[in-house]
Amino acid sequence: MKMNKTLFCFMFLFGYFLMSGHGQEYAVLTDSLKKMLSVGNHPGVAAMVAKDGEVLYAFYDGQALLHPKTDIDGNTRFRMASVSKQVTARAVYALIEAGRIRFDTRIGDYFDGLPARLAAIQVGHLLQHTSGISDYENLIPPDQTEQILDADVLDLIRRAGDLYFEPGSRFRYSNTGYCLLALLVEKVGGKRFDSFVKEHLFLPRGINGAVVATPSSNIVDRAFGYHPGASSSAFADQSVTSATQGDGGVYFSSLDFLTWSSSMLAHELQTPAFRELFVNPDLLVKDVAHYHLGLFSLVDQQGGLHLFHSGESTGFRNVVYYDVENRMTVSVFSNRDDDLAATVFDCVMTAFGKKKLFDDRLKQSVVLWLSKVYQGE
């Protein structure tokens, strides 16, 4: 019987750490991942651990593009899928900081033609997935072949006009809400969403190559998505829902995310008002976790704040984690839509002593827990 890859990783790391002196762990982790993965000439993974803006550990394996063969490295840019939501939320928060909108601003103040129940939804509801708004994916015609844009999402929910529940009464994860937030940024900010993010969020942080993708984007060092099979990988870079921006359109490399997350840890997350949004949001998501500003959060028994999110789309799987008190981040990006990213994330979190927190508080792997939340379980 073939051993479970995650179990193999844990056994290898545990046994080797018992025999190793302190300081050898990073080499052991790399050896473990290479023995477990054997990615080779297939789509792969980029993993990074950083503290105080400095790289503690990095692992790259596999190909960003199979033909011609292009190796994955620290500059390879992956479609973030739902990891993008923290960028969308930060753009909205910039407008809140500037006094242009508030958490209790009604979306009907900016979007015409909404049924009364939808018009009453507030910005804070969208940010925290408590709006009850319909999932746009369920509203797309079955014969749709042209890619959906954020503006199309607005049209779909205008016509549907339904809510799952009264806004603010419960949590239900919603890609629709974050597409609407991107449109709101355009309305209030006065420019295209991708331009607003670049001008107000990326360039001030020194992030020059990351983008919010548009149909005409030239994404430098781009990874393309694949669906791995038993002996080969099928090209699977785009779907009908891959062109929306607010819910998943950012392309980051490991080094881009290092700069982004280090800035968040050094600045925003050290600000009491910003941090408080994660510590005391309006509603519990599930178990002991909350959600605000594009990230799930939980507080450990010592009061330490931990933030996390994953992203799943055609051809890509990603996971990120912030340890706010220790100013540490873990990122795992992959251009393949299987469980490789989840396995690597669990191994890296184990090696750096972070997995037990989630096992104890969520009672299961963080990626499995997130998948269940996305599915409404």
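Just above sits the structure.
Residues numbered from 1 in each chain as written. Predicted model: local features only at pLDDT ≥ 70, side-chain atom pairs only at ≥ 80, totals over all residues. Heavy atoms only, no water.

1. With respect to helix H11 (residues 340–351)
Given 3.6 residues per helical turn, the α-helix brings residues three or four places apart onto the same face.
Inference 1: Compared with an ideal rise of 1.5 Å per residue, which puts 12 residues at 16 Å, H11 spans 17 Å between its outermost C-alpha atoms and is within 8% of the ideal.
Inference 2: With 11 of its 12 residues buried, H11 lies for the most part within the structure.
Inference 3: Among the residues making up H11, those that are buried are Leu340, Ala341, Ala342, Thr343, Val344, Phe345, Asp346, Cys347, Val348, Met349 and Ala351.
Inference 4: Gly353 sits one or two residues past H11 and shows a positive phi near 70 degrees. (Helix = DSSP H or I, 4+ residues; strand = E, 2+ residues; numbered from the N terminus. Expected span 1.5 Å × (residues − 1). Buried < 20%, exposed > 50% of the residue type's maximum accessible area, 1.4 Å probe, protein only.)

2. Structural notes on the packing of aromatic side chains
Inference 1: Summed over all chains, the structure comprises 27 aromatic pairs.
Inference 2: Between Tyr226 and Phe235, the ring centres sit 5.5 Å apart and the planes meet at 85 degrees, which makes this aromatic pair edge-to-face.
Inference 3: What makes Tyr226 buried here is its relative accessible area of 4%.
Inference 4: The exposed category is assigned to Phe235, whose relative accessible area is 54%.
Inference 5: Both rings, one in Tyr321 and one in Phe358, keep their centres 5.6 Å apart while their planes meet at 80 degrees; by these two values the pair is edge-to-face. Remark: Phe358 occurs in helix H12 (residues 355–362) and Tyr321 occurs in strand E13 (residues 316–323); sequence separation between them is 37 residues. When sorted by exposure, Tyr321 lands in the same class as Phe358, which is buried.
Inference 6: The ring of Tyr178 has Lys85 sitting right over it, with the charged end atom 5.8 Å from the ring centre.
Inference 7: The aromatic ring of Tyr164 is capped on one face by Arg172, whose charged end is 3.7 Å from the ring centroid. (Phe/Tyr/Trp six-rings, centres within 6.5 Å; stacked < 30°, edge-to-face > 60°. Lys NZ or Arg CZ within 6 Å of the ring centre and 35° of its normal.)

3. Looking at the packing of helix H3 (residues 85–97) against helix H7 (residues 175–189)
Inference 1: Where H3 meets H7, the axes come as close as 10 Å, and the angle between the chain directions of the two elements is 40 degrees. When the axes of H3 and H7 are compared, the crossing they make is left-handed. Seen from H3, the contacting residues are Lys85, Thr88, Ala89, Ala91, Val92 and Leu95; seen from H7, they are Asn175, Tyr178, Leu181, Ala182, Val185, Val188 and Gly189.
Inference 2: Considering only residue class, the contact of H3 with H7 consists of 9 nonpolar, 3 polar and 1 charged. (Axes fitted to C-alpha atoms, helices over the stretch in contact; angles between N-to-C directions. Left-handed = near helix turned anticlockwise from the far one by under 90°. Contact = heavy atoms within 4.5 Å. Nonpolar A, V, L, I, M, F, W, Y, C, P; charged D, E, K, R; others polar.)

4. Digging into the sheet that holds strand E6 (residues 211–212)
Inference 1: Taken in spatial order, the 3 strands make up an open sheet running E5-E9-E6, and their pairing is antiparallel. Strands with a single pairing partner mark the edges of an open sheet, and in this sheet they are strand E5 (78–79) and E6.
Inference 2: With 2 bridges connecting them, E5 and strand E9 (residues 250–252) associate as antiparallel partners. Paired with Phe78 across the bridge in E9 is Phe252. (Pairing = 2+ DSSP bridges.)

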